Amino acid sequence: MTLKPYVLTEKSFFLYQEVAYPLEERGLQFGDGVYEVVRIYHGKYFLLQEHIDRLYRSAEAIRLAVPFEKEDLIEKLEQLRKMNDVKEDAIVYLQVTRGSFPRAHAFPAENRPNLFAYIREMPRKLQEAENGVRAILTRDVRWEYCYIKSLNLLANVLAKQEAAERGAFEAIFYRDGKITEGSSSNIFLVQGGKVYTHPATERILNGITRMKVKQFCDLLHIPFIEEAFATEDIAKADEMFLTSTTASIIPIIQVEEQLIAGGKPGEVTRKLQAAYEEAAGLAMKNKNASRK
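The rules behind the values
Residues numbered from 1 in each chain as written. Predicted model: local features only at pLDDT ≥ 70, side-chain atom pairs only at ≥ 80, totals over all residues. Heavy atoms only, no water. Pairing = 2+ DSSP bridges. Helix = DSSP H or I, 4+ residues; strand = E, 2+ residues; numbered from the N terminus. Axes fitted to C-alpha atoms, helices over the stretch in contact; angles between N-to-C directions. Contact = heavy atoms within 4.5 Å. Buried < 20%, exposed > 50% of the residue type's maximum accessible area, 1.4 Å probe, protein only. 1 Å grid on protein atoms, 1.4 Å probe; cavity = no way out; pocket = protein on both sides within 12 Å on 5 of 7 lines; lining within 4 Å. Points joined across faces, edges and corners; volume = space filled by probe spheres on them. Nonpolar A, V, L, I, M, F, W, Y, C, P; charged D, E, K, R; others polar.

(A) The sheet that holds strand 5 (residues 90-97), seen in detail. What the 6 strands build is an open sheet, ordered 2-1-6-5-3-4; its pairing is antiparallel. The open sheet terminates on both sides in strands that have one partner only, identified here as strand 2 (13-15) and strand 4 (44-46). Looking at each pair of strands side by side, their axes are set apart by 30° on average, direction ignored. Pairing geometry for strand 1 (residues 6-9) and strand 2, over 3 bridges, is antiparallel. Bridge pairing in strand 2 links tyrosine 6 to leucine 15. Lying over the sheet, helix 2 (residues 48-61) contacts strand 3 (33-41), strand 4 and strand 5, oriented at roughly 175° with respect to strand 3.

(B) Quick peek at the pairing of strand 14 (residues 248-255). Counting buried positions along strand 14 yields 8 of 8 residues, so the element is predominantly enclosed. Bridge analysis of strand 7 (residues 133-139) against strand 14 gives 3 bridges, and the strand direction is parallel. Across the sheet, residue alanine 135 finds its bridge partner in strand 14, namely valine 255. Here strand 13 (residues 239-244) pairs with strand 14 via 4 bridges, running antiparallel. Bridge pairing links leucine 242 to isoleucine 250 in strand 14. Linking two consecutive strands that pair antiparallel, namely strand 13 and strand 14, is a turn of 3 residues. Sheet topology places strand 14 next to strand 15 (residues 258-259); 2 bridges connect them, and they run antiparallel. Bridging across to strand 15, glutamine 254 finds its partner in leucine 259. Where strand 14 folds back onto strand 15 in an antiparallel hairpin, the turn is made up of 2 residues, including glutamate 256, whose phi is positive at roughly 55°.

(C) Main features of empty space enclosed by the protein. Counted under the stated rule, the structure contains 2 cavities of 30 Å³ or more. Of the pockets and cavities examined, the largest cavity occupies roughly 50 Å³. Every residue lining the largest cavity is listed: Arg39, Tyr41, Arg124, Lys125, Leu126, Ala129, Thr246, Ala247 and Ser248. Contributing elements (two or more residues each) for the lining of the largest cavity: strand 3 and helix 4 (126-131). Residues of the lining of the largest cavity, tallied by class, amount to 4 nonpolar, 2 polar and 3 charged. Estimated volume of the second largest cavity: approximately 30 Å³.

So, in structure tokens, the structure goes:
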């Protein structure tokens, strides 16, 4: 698949190479903005409404006006998908900033936000989902308002880089001895058939896939306990897994030097992966592919 490089802005659609912002753009200079990443499976958006709802919640939290009504923005994103002729797995990246103004810390008097969205290919992480991944632990030094999907991601970037340099897939944040979340994911521990994860407070981003996992647990009669677990609880875990829009649900089979359940994905994680695939319309696709 080769995507045509069309980009949506607050004004219109442009080719990728035609889009430019001034140097004094508040997203560039202050990280003064919010963003979303939405999954596309087999050419169709998955959970688009949920992502748009969260975008507006994040924007409201930083007193930023999105330059479209929700329904209009969804319609524009559908147009973008069609213009790029998306037929396979991809993502759309969507960003809203406070706009382009002479540099000053205080908000500009005029409300003139910048918005852009673009689509790019992103295959599913099938090998990681099947075999599981390694993770490291790192201290959570981020600000208090992690529930906002803000452009301020330097702490996340540094944590992810540390993970990459140590041959791991993800860095897991801890604060005061308790696990909060991953550098780009939510983190879950399974013990005694129960799923534990940090509650959806200001300390974490309430992931869209995290919300779906909560629903899946209810449907599958798996206790879902929103309670922060400690770093030392990892050694006693029956299973661990992470969730994100780009990764879906991936087993964690090792944290630092600690193997989880002998280094193999667990039964609860597999059930949740199956539920996710069914919800995303992937289960039937996979079955059909296996018959060919």
